[in-house]
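# Coordinate inspection notes
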Amino acid sequence: MTAEDKTRLAALLDTAGDFLRDGHWRDREAPAFEDDAAAARGIAYAGDTPEAIAGDIRSCSACGLCEVRILAVPGEGVRQPRVLVIGEAPGSEEDEKGRPFVGPAGRLLDRMLAGIALSRSTNCFITNTVKCRPPGNRVPLPAETAACVPFLIRQIRTVRPAFILCMGRVAAQTMLRTDEGIGRLRGTFFEYTMDAASGAAAASIPLIATYHPSALLRDASLKRPAWEDLKKLFTRLQT
Ligand code: URA
């Protein structure tokens with residue numbers, strides 16, 4: 001078994017247990033596995049990479065969405081992002097292209113990020129809470145989110161962003177492990193805390209949530225508060 005297989009299996013079991021026990025997942029240190037072949041050769045496993053995670057996402061069959069997707073959408077951006085942007089789930093254009101936020105909401109997201117000097121080509125990594133499109137763009141089911149969250153955890157641990165920006169309710173509730181509405185979660189900095197026992201250098205990452213660009217396309221009155229939220233992130237990025 002490869003180290004990635006073992007990591008994914010352990011994360012799936014942990015996450016399923018968390019959901020059954022608490023209704024939310026929690027971040028925990030992934031055990032350090034070695035690739036069986038590497039271990040047999042006495043070579044330490046070098047670690048996870050965005051490419052390895054993307055490969056695992058593309059071949060994932062952990063929930064029913066794999067049967068209805070065209071392409072899984074792992075995410076894209078720079079390897080060491082200042083900001084990890086997390087959306088909900090791919091829509092139809094993302095499903096066809098295998099890239100995140102490339103439809104109408106994505107074009108608005110790119111403009112919102114540009115307003116605070118961020119972009120996927122220079123200083124962000126953009127991904128989703130759930131990596132495959134739910135049919136008809138419905139909200140992902142709890143079981144789908146539970147199956148997919150281990151990938152998000154691996155991405156966070158691998159790209160180590162300075163900040164996390166959650167776009168919309170699903171991303172914010174998943175990351176903050178709460179049922180609170182986006183109207184109350186947005187615009188405030190939280191700390192996304194990785195397992196304190198991990199001994200990781202960055203045990204805590206500042207996280208802010210705002211409205212999803214799709215919500216802004218439906219309701220223009222949300223644009224002003226969303227802009228206020230982004231300005232708060234911009235200010236923190238300068239310090
Ligand atoms: N909405 C999302 O949340 N993510 C995408 O990738 C596209 C639309």
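Data block above holds the structure.
Reference entry: report on the structure contained in this document. Note that the structure is a prediction, hence the values are computed from the model and not measured.

Our focus in this paragraph is the overall build of the protein chain. From N to C terminus, the protein chain includes 10 helices and six strands. Burial statistics for the protein chain: of 239 residues in total, 48% are counted as buried. Taking the intrachain contacts of the protein chain between residues at least 6 apart in sequence as the baseline, contacts between residues at least 24 apart amount to 72%. Carbon and sulfur atoms make up 54% of the accessible area of the protein chain, which totals about 11000 Å².

This part takes up the nonpolar core. Soluble globular proteins: nonpolar side chains tend toward being buried together. With 44 residues, the main nonpolar core has Val83, Val85, Ile164, Leu165, Met175, Tyr192 and Leu233 as its most contacted residues. If one sorts the elements of this core by residue count, strand E4 (residues 163-167) sits on top with five residues. Among all residues touching Val83, those that are not within four sequence positions of it are Leu118, Asn123, Cys124, Phe125, Pro161, Phe163, Leu165, Leu233 and Leu237. The next biggest cluster of nonpolar side chains, apart from the first, holds nine residues, and it includes Leu65, Ala72, Cys148 and Phe151.

Right, let's get into the environment of Asp179. Relative to the helices and strands, Asp179 is located in the loop between helix H7 (169-176) and helix H8 (182-185). Ignoring any residue separated from it by four or fewer positions in sequence, one finds Asp179 in contact with His24 and Gln173.

A few words now on the pattern of salt bridges. Summed over all chains, the structure comprises 11 salt bridges. Beyond isolated ion pairs, a larger network of salt bridges with shared partners links Glu76, Arg99, Asp110 and Arg120.

Right, let's talk about the sheet that holds strand E1 (residues 76-77) for a bit. Spatially, six strands are ordered E1-E3-E2-E4-E6-E5 in an open sheet, and the strand pairing comes out mixed. Sheet topology places E1 and strand E5 (190-193) at the edges, where each strand pairs with a single neighbour. As paired strands, strand E2 (residues 83-87) and E4 are joined by four bridges and run parallel to one another. Bridged to Leu84 within E4 is Ile164. Of the strands in this sheet, E2, strand E3 (124-128) and E4 touch helix H5 (residues 104-115), which is tilted by about 140° from E4. On the sheet, helix H6 (residues 142-159) packs against E2, E3, E4, E5 and strand E6 (204-210) and is oriented at approximately 170° with respect to E3.

If you check the shell around the ligand, you find Gly87, Glu88, Ala89, Pro90, Glu94, Pro100, Phe101, Asn128 and His212 and nothing else. A distance of 2.8 Å is found between an oxygen atom of the ligand and a backbone nitrogen or oxygen belonging to Glu88. Contact between the ligand and Phe101: an oxygen atom at 2.9 Å from a main-chain N or O atom of the residue. Contact with the protein chains covers 92% of the free accessible surface of the ligand, which is 240 Å².

Quick look at the pairing of E6 now. Burial runs high along E6: six of the seven residues are buried. Here E5 pairs with E6 via four bridges, running antiparallel. Looking across to E6, one finds that Tyr192 is bridged to Ile205.

Two numbers describe how helix H3 (residues 50-58) lies on H6: the axes approach to 10 Å, and their chain directions differ by 170°. With respect to their mutual orientation, H3 and H6 come out roughly antiparallel. On H6, the residues touching Pro50, Ala52, Ile53, Asp56 and Ile57 of H3 are Phe151, Arg154, Gln155, Thr158 and Val159. A class-by-class count of the residues in the contact of H3 with H6 yields six nonpolar, two polar and two charged.

Definitions and cut-offs
- Residues numbered from 1 in each chain as written.
- Predicted model: local features only at pLDDT ≥ 70, side-chain atom pairs only at ≥ 80, totals over all residues.
- Heavy atoms only, no water.
- Helix = DSSP H or I, 4+ residues; strand = E, 2+ residues; numbered from the N terminus.
- Buried < 20%, exposed > 50% of the residue type's maximum accessible area, 1.4 Å probe, protein only.
- Contact = heavy atoms within 4.5 Å.
- Areas by Shrake-Rupley, 256 points an atom, 1.4 Å probe, with all protein chains shown as cover.
- Core = buried A, V, L, I, M, F, W, Y, C linked by side-chain atoms within 4.5 Å.
- Salt bridge = Lys/Arg side-chain N within 4 Å of Asp/Glu carboxyl O.
- Pairing = 2+ DSSP bridges.
- Axes fitted to C-alpha atoms, helices over the stretch in contact; angles between N-to-C directions.
- Near = heavy atom within 4 Å.
- Polar contact = N/O pair within 3.5 Å; in protein donor to acceptor, adjacent residues only side chain to side chain.
- Parallel < 35°, antiparallel > 145°, perpendicular 65-115°, else oblique.
- Nonpolar A, V, L, I, M, F, W, Y, C, P; charged D, E, K, R; others polar.

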